[in-house]
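The residues making up each chain are set out below.
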Amino acid sequence: MGLSAAAPLWGPPGLLLAIALHPALSVPPRRDYCVLGAGPAGLQMAYFLQRAGRDYAVFERAPRPGSFFTRYPRHRKLISINKRYTGKANAEFNLRHDWNSLLSHDPRLLFRHYSRAYFPDARDMVRYLGDFADTLGLRVQYNTTIAHVTLDKDQQAWNGHYFILTDQKGQVHQCSVLLVATGLSVPNQVDFPGSEYAEGYESVSVDPEDFVGQNVLILGRGNSAFETAENILGVTNFIHMLSRSRVRLSWATHYVGDLRAINNGLLDTYQLKSLDGLLESDLTDLAILKDSKGKFHVTPKFFLEEASTNQSADSITLPQDDNDNFAMRVPYDRVIRCLGWNFDFSIFNKSLRLNSGNAFGKKYPLIRASYESKGSRGLFILGTASHSVDYRKSAGGFIHGFRYTVRAVHRLLEHRHHSVTWPATELPITQLTSSIVRRVNEASGLYQMFGVLADVILLKENSTAFEYLEEFPIQMLAQLETLTGRKAKHGLFVINMEYGRNFSGPDKDVFFDDRSVGHTEDAWQSNFLHPVIYYYRYLPTEQEVRFRPAHWPLPRPTAIHHIVEDFLTDWTAPIGHILPLRRFLENCLDTDLRSFYAESCFLFALTRQKLPPFCQQGYLRMQGLVSTESLRQHRVESRLLRDYAPTGRRLEDSSQQLGDQEPLGSPLAPGPLAQSLDSNKEEL
């Protein structure tokens, strides 16, 4: 009877039940890497994973990439610059002034081909991201909303657990490493009496005609608030803007996320007394009341607390009742909330420990300087949501910054899980100065992620050569050997880009007289962005990094050098930039880094016990320049070479033939010089 009842279970419905009951058959597909979100950061990581041949998938809730830009910014103009012309052909340099392109090997996928506008339309960004994903064949699963993320512990997994992702259809996905690139998508709301009357930036009308002849109060003081004000400035009676802190201008703070000039028209109308204005107050100390005519009144919250339960503006004493000069005594027709965005923690199980619980932790996930979650190994935060690492300091919350931090995370993962060391170029010490000069003049990641990503030069034994590592997370310096697979046993240089220590802030006058430093001896007082080179005899410890001096990006070094700021950001002046740098490097290494003609190396070989590295690595290895008449004459006068050329044209021909035949002056080179050296050993 039991068998006959069980038999139908192997029909179509029964097959599903059998699969569900059989553990081996119900294991979800397992991938090495899962990427949440097909915005700029998610696509950038997908590109690096695909180029490395890794097993990955990108999950995107929308039917196409860049869904955020289909709606935001609300007024459609991006504030990321699209500088199409720089006068330079160097692609890396041009990326310094291209704030929208992602990194790829395909020159067609530069944003300059998608818009001619300096401040592009958001629709161009949507089109660009779609082409980026399609052209490169990135593996994106669209219309897939990940509804829940949790952990499944497994000692066989890379990080001791797998990440279990469940989508809106109940399908389960498993991965070893989770890369979250969902951005900041939850509108920030402040809870205070009457906050429900405020319309959100995410939903308020963008048609100026809806605001004609109205009194408008905007809560907030960032770019979204000023963008909203700019849109309706010409049709309202007035606009008041309320926030707890003073306005932060990006040209004063040198932080791209602060108020940009493109949106600050309200500052003009405020300071020129054209009815609009800015006010400062903590929103939690205020209340908004609605009267019988539908108008809104702002009052300190304690007025409300002293009143009865009836919280109508018609029945409560307002500040203007006692103080007829109260700044906000005029009622408002509209209140608009523009308070920014927070990370969406709702889909993540508490076991992942992404939220710290403090105020800042409600906006951003809790992560390390390596962009890995502090609570879950193998979970990395990418893009805008990773901005806690450099909030209000650098450009890590924006495309032109996080395209480089994403690459840094990928390099960390390549070493951790695939034993691929951090990319480095090994060069002879004679090329140290030129390598630094090239990078500080061209590198975009170093330039945009100043104070966050730095180049690291690892010296070889006896300082005969070095390894050059690009764009390493500066706050992870103590763990460099573990994270990169490179060794730092013989000293290192760190190349960072910095503004002057007292030149950035909302209260700074950045246009003061004599703000520019032009003399080499005053380079340490440079205000504008400039290269700073730190020298360490030993790799700093974690304690030294943690307890570094206040406002220093790195621990106190053995020696430090500032390359003086340059109006053109062109650090190639032989006397002003290169010579002081070379002398600094020489002092640190106790060697001579100059380049010499072979003639000089030849003379050094006769007069010095220790040759400069250039002569050791070039001249003595038969890699010098060709012979010259002056060198030939020195050889003759030193009796190391017989004067084979009599006079005139034959002398020139002989010299030319010698130059063609032998690299300059190697004592081991074949020919008359080698013979002369052999016959004159005792004399030498």
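Our subject is the structure that appears above.
Residues numbered from 1 in each chain as written. Predicted model: local features only at pLDDT ≥ 70, side-chain atom pairs only at ≥ 80, totals over all residues. Heavy atoms only, no water.

(A) Here's a closer look at the overall build of the protein. A tally of helices and strands in the protein yields 22 helices and 22 strands. Within the protein, the proportion of its 684 residues that are buried is 52%. A separation of at least 24 residues holds for 65% of the contacts in the protein among residues at least 6 apart in sequence. Only carbon and sulfur atoms are counted for the fraction: they give 50% of the accessible area of the protein, which is about 33,400 Å². (Helix = DSSP H or I, 4+ residues; strand = E, 2+ residues; numbered from the N terminus. Buried < 20%, exposed > 50% of the residue type's maximum accessible area, 1.4 Å probe, protein only. Contact = heavy atoms within 4.5 Å. Areas by Shrake-Rupley, 256 points an atom, 1.4 Å probe, with all protein chains shown as cover.)

(B) Just the packing of helix α13 (residues 432-442) against helix α17 (residues 574-589), in detail. Running from amino to carboxyl end, α13 crosses α17 at an angle of 130 degrees, the nearest separation of the two axes being 10 Å. For the element pair α13 / α17, the angle class is oblique. The interaxial crossing formed by α13 with α17 has right-handed handedness. Where α13 abuts α17, its residues Leu-432, Thr-433, Ile-436 and Val-437 lie against Ile-578, Leu-581, Arg-582, Leu-585 and Leu-589. In terms of residue class, the contact of α13 with α17 is built from seven nonpolar, one polar and one charged. (Axes fitted to C-alpha atoms, helices over the stretch in contact; angles between N-to-C directions. Parallel < 35°, antiparallel > 145°, perpendicular 65-115°, else oblique. Left-handed = near helix turned anticlockwise from the far one by under 90°. Nonpolar A, V, L, I, M, F, W, Y, C, P; charged D, E, K, R; others polar.)

(C) Representation of the pattern of salt bridges within the structure. This model, assessed by the stated rule, comprises 21 salt bridges. A salt bridge links Arg-439 to Glu-471; the shortest N-O distance between them is 3.3 Å. Placement of the pair is Arg-439 in helix α13 and Glu-471 in strand β19 (residues 465-473), with a sequence separation of 32 residues. Accessibility classification places Arg-439 together with Glu-471 in one group, the buried group. A salt bridge links Arg-582 to Glu-586; the nearest nitrogen and oxygen atoms lie 2.8 Å apart. In this pair, Arg-582 and Glu-586 both sit in helix α17, four residues apart, roughly one turn of the helix. According to the relative accessible area criterion, Arg-582 is buried, its value standing at 16%. Here Glu-586 falls in the buried class, since its relative accessible area comes to 12%. (Salt bridge = Lys/Arg side-chain N within 4 Å of Asp/Glu carboxyl O.)

(D) Region of interest: the packing of helix α3 (residues 40-51) against helix α5 (residues 122-135). At their nearest, the axes of α3 and α5 sit 11 Å apart, and the two run at 20 degrees to each other. When the axis of α3 is compared with that of α5, the two are roughly parallel. Between α3 and α5 lies a crossing of left-handed hand. Two secondary-structure elements touch here, α3 through Pro-40, Leu-43 and Tyr-47 and α5 through Leu-129, Phe-132 and Ala-133.

(E) Main features of the pairing of strand β2 (residues 56-59). What you see with β2 is no split at all: Tyr-56 and Val-58 on one side and Ala-57 and Phe-59 on the other are buried throughout. Where strand β1 (residues 30-36) lies against β2, four bridges are found, and the strand directions are parallel. Opposite Leu-36, over in β2, you have Phe-59 as the bridge partner. Between the parallel pair β1 and β2, the chain is carried across by α3, and the sense of this crossover is right-handed. Across two bridges, β2 lies against strand β3 (residues 140-141) in parallel orientation. Counted as the bridge partner of Phe-59 is Gln-141 from β3. (Pairing = 2+ DSSP bridges. Right-handed = clockwise from strand over helix to strand, strands pointing away.)

(F) View of the packing of aromatic side chains. This structure, assessed with the given rule, holds 29 aromatic pairs. With 4.8 Å between their ring centres and 70 degrees between their planes, Tyr-72 and Trp-341 make a pair best called edge-to-face. Taken as a pair, Tyr-72 in the loop between β2 and α4 (91-95) and Trp-341 in strand β15 (residues 341-342) lie far apart in primary sequence, 269 residues in all. Ring plane angle 25 degrees and centroid distance 6.4 Å describe the contact between Phe-111 and Tyr-114, whose orientation is recorded as stacked. Judged by its relative accessible area of 0%, Phe-111 is buried. (Phe/Tyr/Trp six-rings, centres within 6.5 Å; stacked < 30°, edge-to-face > 60°.)

(G) Looking closely at the sheet that holds strand β22 (residues 559-562). Strand order across the open sheet formed by six strands is β17-β19-β18-β20-β21-β22, with antiparallel pairing between neighbours. Looking along the sheet, the strands with just one partner apiece sit at the ends: β17 (424-428) and β22. Strand after strand, the sheet turns through a mean of 20 degrees between neighbouring axes, direction not considered. Relative to β22, strand β21 (residues 530-536) runs antiparallel, the two being bridged by four bridges. Looking at the pairing, Tyr-535 lines up with Ala-559 of β22. Here helix α12 (residues 399-418) sits on the sheet and contacts β18 (453-459) and β19; the angle it forms with β19, its principal contact strand, is near 120 degrees. Strands in contact with α13 are β17, β18, β19, β20 (492-498) and β21; relative to β19, the strand with the most contacts, it is inclined by about 20 degrees.

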